[in-house]
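Examination of the molecular architecture
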Amino acid sequence: VRSCRGRPGHYHSCPPPHVSHVRGVRRRQVPPPGAAGVPGFGDSVSLLGRKSSLVKAASSESEGTSPSSSSPMSETEDFTPSEPTAEKKHRVVILGSAGGVGKLCADQLNASGEWTVRAAIRPNSDKPTPTGADEVVTCDVYEYETLPPALKDCDACIIAVGTTNFMDPLGPFKNEYQGTKNVIAAAKQQGVTNVVLVTSMGVEDILYPLNLAWGVLFWKKLAEEELQRSGLRHVIVRPGGLSNDAVSGAVVFKRRGSTPGGRVSRANVARVVIEALTCENAGNKIVEVVQEEGVTEKPLSDLFESID
């Protein structure tokens, strides 16, 4: 038995959230004060006024954690994923499972009782393991060889990855673009034909100010195009300004290329992502998601049907 820390492609089963203190699984941490919203769009960019530099993202959909060396969590040399139970008929892997939207996707999918949830986390990361995960695997989207084992035996894949370190000019290229390309290639290799990608409103506007962060929206747009050309059944979700807190108003889908604006809670973005996995009306569509007051709440399936 060996610790799985820093061993890409090796994973272990996690206990359910209500016994997360067992075997070293940590509960999800409460976001720090001031992290409720994002002054831009998508879940990966924040512009901070420290010496007028772009320092970091307000939140990440890519960061995860692996157990510390002192943790009793362990793995076997040849781990075989557990068979889905009669209740959990499908398995989904979440890339970016320790970020805001990714963690909520894990929680909501776990609560549905229909999906075995596999959380993908970065080796040597210090963020808490998502409590909604049934399985955890370590991988890095920029290192292709770590991805096929992470996607093995999965029916679907959620990509909620975003750059966190804007001190690296290549960060958006590595994470948003090349990382997504690698996941698509690994999905094809492993027979995963259902992919949901979370990007951002504003990706179609090359002059949008957030592109000052090393072209982050430009690289997100190119990543979308790679998925569109892949031949895989896919859905692209572009949220507006994200909030950890509840946002008043009903969920509304805008047509692609809408002027960036509006806010949406991360919990509702997660709802949209999960609906996109199975909704017959969602396949191969791009939706831009915000919340608006004075609008009648509609089923998400109807919202997907309304988008060409």
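First, a word on scope: everything that follows refers to the structure included in this document. Fair warning: this is a prediction, and the values are worked out from it, not measured in the lab. (Residues numbered from 1 in each chain as written. Predicted model: local features only at pLDDT ≥ 70, side-chain atom pairs only at ≥ 80, totals over all residues. Heavy atoms only, no water.)

Some points on the side chain of Lys221
Mapping Lys221 onto the fold places it in helix H4 (residues 216-228). Setting aside residues up to four positions removed in sequence, Lys221 forms contacts with Val203, Glu204, Arg238 and Arg256. (Helix = DSSP H or I, 4+ residues; strand = E, 2+ residues; numbered from the N terminus. Contact = heavy atoms within 4.5 Å.)

Things to note about the packing of helix H3 (residues 171-190) against H4
It is the contact of H3 with H4, at a shortest axis distance of 8 Å, that shows an interaxial angle of 10°. The orientation of H3 relative to H4 falls into the category roughly parallel. In this structure, H3 uses Pro172, Phe173, Glu176, Tyr177, Thr180, Lys181 and Ile184 to contact H4, whose residues at the interface are Val216, Trp219, Lys220, Leu222, Ala223, Glu226 and Leu227. Taken together, the residues of the contact of H3 with H4 sort by class into nine nonpolar, one polar and four charged. (Axes fitted to C-alpha atoms, helices over the stretch in contact; angles between N-to-C directions. Parallel < 35°, antiparallel > 145°, perpendicular 65-115°, else oblique. Nonpolar A, V, L, I, M, F, W, Y, C, P; charged D, E, K, R; others polar.)

A few points about the pattern of salt bridges
One pass over the full model with this rule turns up 13 salt bridges. Between Glu135 and Arg118 there is a salt bridge; the shortest N-O distance is 2.8 Å. Within this pair, whereas Glu135 is found in strand S4 (residues 135-138), its partner Arg118 is found in strand S3 (residues 115-121), the two being separated by 17 residues in sequence. Take Glu135: its relative accessible area is 1%, and that puts it in the buried class. (Salt bridge = Lys/Arg side-chain N within 4 Å of Asp/Glu carboxyl O. Buried < 20%, exposed > 50% of the residue type's maximum accessible area, 1.4 Å probe, protein only.)

Observations concerning H4
Over its 13 residues, H4 extends 19 Å from the first C-alpha to the last, a length consistent with the 18 Å expected when each residue adds 1.5 Å. Within H4, the full set of buried residues consists of Val216, Leu217, Lys220, Lys221, Ala223, Glu224, Glu226 and Leu227. Of the surrounding secondary structure, the elements contacted by the buried residues of H4 are H3, strand S6 (194-198), strand S7 (233-239) and strand S11 (285-292). (Expected span 1.5 Å × (residues − 1).)

Looking at the nonpolar core
Across soluble globular proteins, nonpolar side chains show a tendency to be buried alongside one another. Core analysis: the largest hydrophobic core is formed by 34 residues, its most contacted members being Leu109, Val237, Phe253, Val272 and Phe304. In terms of residue count, helix H5 (residues 266-278) provides more of this core than any other element does, seven residues in total. Leave out the neighbours within four places in its chain, and Phe304 touches Val235, Phe253, Val272, Glu275, Ala276, Cys279, Asn281, Ala282, Lys285 and Val287. Within the second largest apolar cluster, 24 residues are counted, among which are Val141, Ala150, Val161 and Ile286. (Core = buried A, V, L, I, M, F, W, Y, C linked by side-chain atoms within 4.5 Å.)

Observations regarding the environment of Ser243
Mapped onto the fold, Ser243 is located in strand S8 (residues 241-243). What makes Ser243 buried here is its relative accessible area of 3%. Here Asp245 takes part through its backbone nitrogen, which lies 3.0 Å from a polar atom of the side chain of Ser243. (Polar contact = N/O pair within 3.5 Å; in protein donor to acceptor, adjacent residues only side chain to side chain.)

Quick word on helix H1 (residues 100-112)
The end-to-end C-alpha separation of H1 is 19 Å, in line with the 18 Å expected for 13 residues at 1.5 Å each. The complete set of buried residues in H1 reads Gly100, Val101, Gly102, Lys103, Cys105, Ala106, Asp107, Leu109 and Asn110. The inward-facing, buried residues of H1 abut strand S2 (90-95), S3, strand S5 (156-159) and H5. In the segment just after H1, Gly113 is the residue with positive phi, at about 75°.

So, the state of the cysteines
For the structure shown, the criterion picks out zero disulfides. Its sulfur unpaired, Cys139 is 9.1 Å from the next cysteine sulfur, which belongs to Cys157. (Disulfide = S-S within 2.5 Å.)

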